[in-house]
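Residue-level structure breakdown
Chain by chain, the residues run as shown.
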Amino acid sequence: MGLRRYLVSKTAWYLGALLVAVVLNFLLPRLIPGNPVDVIVSQLGRGGMSSEAQAAIYQQFLEQFGLDKPLWDQFWIYVTHALQGNLGLSFSFYPTPVSDLISQSLPFTLVLQIPAIILGWIIGNLLGAVAAYKGGSWDKSVFTTSLVFNSMPYYCLSIILLYGLAVVLGWFPPGGAYSLGNSPEWSWDFFSDALQYWWLPFLSLLLINIGGQAVGMRSMAIYELGSDYVNYSRSLGIGDRKMTGYIFRNAMLPQITGLALSIGTMVGGALITELVFNYPGMGTLLFSAISANDYPIVQAVTLIITVAVLVANYLVEVLYGFIDPRIRAAKSGEK
Amino acid sequence: MTNIQSNAVVAETEGPVAPVEPETPKAKARPAWRSLNFGPRLWVSVGIILVITLLAFVGPLFYPYGPDQKVGSIYDSPSAEHILGTENFGYDVIAVLMASTRNSLINGLLAGTLATFIGVLIGILAGYVGGWLEEALMGITNIVLAIPAIVILILISISLQSTNIPFLKGIAGLALVIGITSWPWTARAVRAQASSVATREHIDVAKLSGARTPGILVFDVLPYLASYVVMAWVLQLASAILAESTLSMLGLGVSGTNSLGMQLHWALAFQAVATGAWWAFLPPTIVLTLISFGFLYLQSSLDEVFNPRLRRGKKKNLAAAAKRREEAARKLAEQGDAVGVAA
């Protein structure tokens, strides 16, 4: 019973968060004083776009957003279009649909971030637990190193790695995602080529994620090490191996919630990492869209990031419901 | 757990306590803060922050070049005259770095303080008052927490760029945006602590003596949260500085001002990394890392000061404590003997 209650309430919360996020994504751009289309189109005009194209964009925009209609109708148009995968047309690559641009860059972001987040979480937790358990110089070195990586902004480590390993030492190609002349396709050649470019951004994300998780896990495990059940079991003469198992599992639970809460930060940091490495993912797309005032792209990228982060959070929380026995055991609503 | 003093006292009293002989009133009692266990980590982090603050605020007074003084062309190599060369606009890197650090610190201070203030206000109200207010406030907090902050930051700052209000376009505007988007962490942590303080007896006493809710919150609840608020504030300072540089790197910073993120933004835009002009991008990178590391290290060492369970005994200290206990036991034994002889 407890589990069902938990799942229902989590689902409700995340649906609420999704609604708020979509509303914000819709509303914030409209807070710009004046008609956003006027502002954007006049900015485009300065960029030397032909008046014909301007008029077309203007018309397309009025239609797409229904700017003459009340706000409520506009919102419905926005939501229904987004659900159909229609995210509008790009300004800077007119008339390419935004969804095309996104489907080109999304895979790069995914292959970079998903392994970095999952591996970083696993390695970081193991390291943190070992550091807490062993103590002494192990603890000191692991903790300080993790703290340095944890506190380092993503892009700072990226810049240092890029300069040191790619520019000075030349071990990795300096930026980009594949060699010039190559183009994304399902072939072995392309993948082996892209893999060389993938290592460095992946490594910089991985190191920081490991650092963050290790710092958290270490303090959790130290907390557990000092608790009564550990002292009691020790006095009973329970072996080290078994004890580490208990401690690890208990310290793990908060780390799972921690993962849910930090996915958003990780994704945000990874966007800038892409920028540093000139990796053609969502971050670079977002950056070029911001500098080109390509509003439909910015809005679409932020929407996709939000939805992805919310879905990932939701999955982690559901998983937590299955893992934590207290939730299954809870009979009445417990906060 | 939240009481700094009681922790300090617990940390101090270990082993059998010898009856203290009435001392000559030569020394005053040790002030409470002296009994806090400030470790070397704390001094290291304070040192880092202090050096950077000096660089930002005092450095420009002694440095011969200004941040808006064109002294060379793009990426001039370091020389005796310009120790870190020039950046892409031909300005002296050190001069720009000092101005950037100052702006980043000011921005962090404004935004971090605002975020801490909002977070503490919401957390303390939710935790103390409870009921539907708690549900509503924490609902909002959890929703804001779930939406990635960077997304909201990007959307608001894009909107801000096209406003005509000069205040919102400056550093203060950016700080405001960062402040109003980064409070939820603090609110959550403070709520948990506040609701545990709310059940203590002294709150009942305050209520019975007719204190009003705002008064109770400020005088009876807040002091118990002081250590958490300080730690949250330190974290918020660091994250606000990082948030500003992230936005600036994306090209959403305050145009025309120097900040660490802006410096990196221009270095990337002008291919400093690929051309090997390390003096243009390494200094802001290192300063940002140091700021961030300094604040996080400060936070974690404060955590150990306020929260002795996280602290691990050092061998040196353990030996000293053992010696103290031995001494105390010896005194006790001596006194026992003395009493025995007298009887």
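Numbering of residues begins from 1 in every chain and follows the order in which that chain's sequence is written. Labels follow written order: the first chain is A, the first ligand is 1, and so on. For a predicted model such as this one, the threshold for reporting local features is a pLDDT of at least 70, and the threshold for listing and counting side-chain atom pairs is 80 or more; totals across whole chains, interfaces and linings nevertheless cover every residue. Water and hydrogen atoms were dropped before computing side-chain values, which therefore reflect all heavy atoms in the structure.

Here we come to the overall build of chain A. A tally of helices and strands in chain A yields 13 helices and 0 strands. Every helix listed is a DSSP run of H or I at least four residues long, and every strand listed is a run of E at least two residues long, numbered separately from the N terminus. From first element to last, N terminus to C terminus, chain A shows the α and β order α-α-α-α-α-α-α-α-α-α-α-α-α. Exposure classes here rest on a 1.4 Å probe applied to the protein chains alone. A residue is buried below 20% of its type maximum, exposed above 50%, and partly exposed in between. Out of the 335 residues belonging to chain A, those deemed buried represent 48%. The contacts of chain A with a sequence gap of at least 6 include a subset with a gap of at least 24, amounting to 72%. The contact criterion used is simple: two residues touch if any of their non-hydrogen atoms lie within 4.5 Å.

Before going further, it helps to examine the packing of helix H10 (residues 201-208) of chain B against helix H11 (residues 213-249) of chain B. Think of two packed helices as two axes; the pair is described by the angle between the axes and how far apart they sit. Residues and elements named next belong to chain B. Lines fitted to the C-alpha atoms define the axes, with helices restricted to the stretch that makes contact. Angles between their N-to-C directions range from 0 to 180 degrees. The geometry of H10 relative to H11 is characterised by a closest axis approach of 11 Å and an angle of 170° between their N-to-C directions. One finds that H10 runs roughly antiparallel with respect to H11. Within the contact between the two elements, H10 uses His202, Ile203, Ala206 and Lys207 and H11 uses Ile216, Asp220, Val221 and Tyr224. The cut-offs work like this: below 35 degrees is roughly parallel, past 145 is roughly antiparallel, 65 to 115 is roughly perpendicular, and the gaps in between are oblique.

Below, the discussion takes up the packing of aromatic side chains. Given two aromatic rings, their pairing is described by the distance between the two centres and the angle made by the two planes. The rule is short: rings of Phe, Tyr and Trp, with Trp giving its six-membered ring, pair when the centres are within 6.5 Å, and they are stacked under 30 degrees, edge-to-face over 60, tilted in between. Within this structure, the stated rule accounts for 9 aromatic pairs over all chains. Here the aromatic rings of A:Tyr14 and A:Tyr314 are separated by 5.7 Å at their centres, their planes lie at 65°, and the arrangement is edge-to-face. Of this pair, A:Tyr14 sits in helix H1 (residues 2-27) while A:Tyr314 sits in helix H12 (residues 295-323), and the two are 300 residues apart along the sequence. The class of A:Tyr314 is partly exposed, set by a relative accessible area of 24%. On the basis of an interplanar angle of 85° and a centroid distance of 5.6 Å, the ring pair of B:Trp278 and B:Trp279 is categorised as edge-to-face. Every member of this aromatic cluster is reached through a ring pair, and the members are A:Trp198, A:Trp199 and A:Phe202.

Residue and element names in this part refer to chain A. Domain segmentation is taken from an automatic or database assignment of domains. For chain A, the domain assignment lists domain 1 (1-92 + 294-306 + 324-335) and domain 2 (101-291). Facing the 11 residues of domain 1 at the interface are 10 residues of domain 2. Buried area, as used here, totals the accessible surface that two parts lose on assembly, with accessibility defined by a 1.4 Å probe and the loss added over both. A buried area of about 880 Å², summed over both sides, lies between domain 1 and domain 2, and 89% of it is on carbon and sulfur atoms. Together, Ile297, Val301 and Ile305 form the three largest contributors to the area buried by domain 1 at its contact with domain 2, with a combined 45%. Whenever a carboxyl oxygen of Asp or Glu lies within 4 Å of a side-chain nitrogen of Lys or Arg, that contact is scored as a salt bridge. There are 0 salt bridges connecting domain 1 and domain 2.

Examined against the element boundaries, B:Gln263 turns out to sit in helix H12 (residues 260-269). The residues touching B:Gln263, leaving out its near neighbours within four places in the chain, are B:Val93, B:Val96, B:Leu97, B:Ser100 and B:Pro284.

Among buried residues, those of type Ala, Val, Leu, Ile, Met, Phe, Trp, Tyr and Cys that are joined through side-chain atoms within 4.5 Å constitute a nonpolar core. Counting residues in each nonpolar core, the largest one holds 144 residues, and the members touching the most others are A:Tyr155, B:Ile154 and B:Phe281. Element by element, the count of residues in this core is highest for helix H10 (residues 240-277) of chain A, at 17 residues. Counting the residues that make up this core, at least three belong to each of domain 1 (1-92 + 294-306 + 324-335) and domain 2 (101-291) of chain A. Among all residues touching B:Phe281, those that are not within four sequence positions of it are A:Ile159, A:Tyr163, B:Leu264, B:Ala267, B:Ala272 and B:Val273. One finds B:Tyr128, B:Ala198, B:Leu217 and B:Leu225 within the second-largest nonpolar core, a separate group that totals 14 residues.

Here the focus is the pattern of salt bridges. Oppositely charged side chains can form a pair if their charged atoms are brought close together. Residue and element names in this part refer to chain A. Scanning the entire structure with this criterion turns up 2 salt bridges over all chains. Two residues, lysine 10 and glutamate 317, come together in a salt bridge whose shortest N-O distance is 3.3 Å. Linking lysine 10 in helix H1 with glutamate 317 in helix H12, this pair joins segments that are 307 residues apart in sequence. Exposure class is identical for lysine 10 and glutamate 317. Each is buried.

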